[in-house]
Amino acid sequence: MLWIKALHIIGVVCWFAGLFYLPRLFVYHAMSEDAVSRERFQIMERKLYRGIMMPSMLFTLVFGGLLLFMNWPAYQKAAWMHAKLLLVFFLIGYHHICGAFVRKFVQGDKCVPFQNPRSHVFFRWFNEVPVVMLILIVVLVEVQSF
């Protein structure tokens, strides 16, 4: 079980690395003014989302699901676990919203003149969501007081 927990944590770390970095790329992409920069950001965003974030999310969910399954009797009445799972559900939604922004940037970059889906200020705030989620999840897991 310790190996499964270790693999789950590795998946979480890799997934959050992408969740922290991709919205920061959106900030720079939204601020870019030339076609070369926009094309470079599209490639970076696509590779990060498809090559790192998606596999890491699946890795996290598979090994987290195994841990949950193996310890279900202990977790089924733990309110903190239900709260954590709700936050993970919202985090999965955030992940897919990031994927939608990756696609919207590609569509916007093809338009002449360039049509940005959101401002760089929006993406600066959007970038803070996974930080808050991580803080809440770590506190729930480590404190487990309810």
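Quick note: structure is the one above.
What you are looking at is a predicted structure, and each value in this text was computed from that prediction instead of being measured.

How would you explain the packing of helix 1 (residues 2–31) against helix 2 (residues 35–70) if you had to name every residue and give the values?
For any two helices packed against each other, one specifies the inter-axial angle together with the distance between the axes. At a minimum axis separation of 7 Å, helix 1 and helix 2 run at an interaxial angle of 155°. Of the possible angle classes, the one that applies to helix 1 and helix 2 is roughly antiparallel. The handedness of the crossing between helix 1 and helix 2 is left-handed. The class makeup of the residues in the contact of helix 1 with helix 2 is 23 nonpolar, eight polar and three charged.

Give a description of a positive patch on the surface that names residues and reports values.
There is a patch of like positive charges on the surface, built from R46, K47, R50 and R103. For the positive patch, the element with the most residues is helix 2, which contributes three residues. Position of R50 among the secondary structure elements: in helix 2.

Break down the environment of Y28 for me, citing the residues and quoting the values.
Inspection of the secondary structure puts Y28 in helix 1. By relative accessible area, which is 38% here, Y28 ends up partly exposed. Between the alpha carbons of Y28 and F90 there is a distance of 25 Å; along the sequence they are 62 residues apart.

Go over the packing of aromatic side chains, please, and point to the residues and values.
Under the criterion given, the structure shown has 16 aromatic pairs. When the centroid spacing of 5.7 Å and the interplanar angle of 20° are considered together, the rings of F122 and F126 count as stacked. Taken together, the residues F122 and F126, both in helix 5 (residues 120–126) and four residues apart, mark about one turn of the helix. Ring pairs connect the aromatic residues F26, Y94, F101, F105, F122, F123 and F126, which therefore count as one cluster. The ring of F122 has R118 sitting right over it, with the charged end atom 4.7 Å from the ring centre.

Residue-level account of the nonpolar core, with values.
In this structure, L19, L22, F26, L91, F123 and F126 are the most contacted members of the largest nonpolar core, which totals 30 residues. Mapped by element, the contributors of at least two residues to this core are helix 1, helix 2, helix 4 (79–110), helix 5 and helix 6 (129–143). The element best represented in this core is helix 4, accounting for ten residues.

Definitions and cut-offs
- Residues numbered from 1 in each chain as written.
- Predicted model: local features only at pLDDT ≥ 70, side-chain atom pairs only at ≥ 80, totals over all residues.
- Heavy atoms only, no water.
- Axes fitted to C-alpha atoms, helices over the stretch in contact; angles between N-to-C directions.
- Helix = DSSP H or I, 4+ residues; strand = E, 2+ residues; numbered from the N terminus.
- Parallel < 35°, antiparallel > 145°, perpendicular 65-115°, else oblique.
- Left-handed = near helix turned anticlockwise from the far one by under 90°.
- Nonpolar A, V, L, I, M, F, W, Y, C, P; charged D, E, K, R; others polar.
- Patch = residues over 30% accessible without salt bridge, like charges linked within 9 Å, V, L, I, M, F, W, Y side chains within 5 Å.
- Areas by Shrake-Rupley, 256 points an atom, 1.4 Å probe, with all protein chains shown as cover.
- Salt bridge = Lys/Arg side-chain N within 4 Å of Asp/Glu carboxyl O.
- Lys, Arg positive; Asp, Glu negative; His and termini not counted.
- Charge placed at Lys NZ, Arg CZ, Asp CG, Glu CD.
- Buried < 20%, exposed > 50% of the residue type's maximum accessible area, 1.4 Å probe, protein only.
- Phe/Tyr/Trp six-rings, centres within 6.5 Å; stacked < 30°, edge-to-face > 60°.
- Lys NZ or Arg CZ within 6 Å of the ring centre and 35° of its normal.
- Core = buried A, V, L, I, M, F, W, Y, C linked by side-chain atoms within 4.5 Å.

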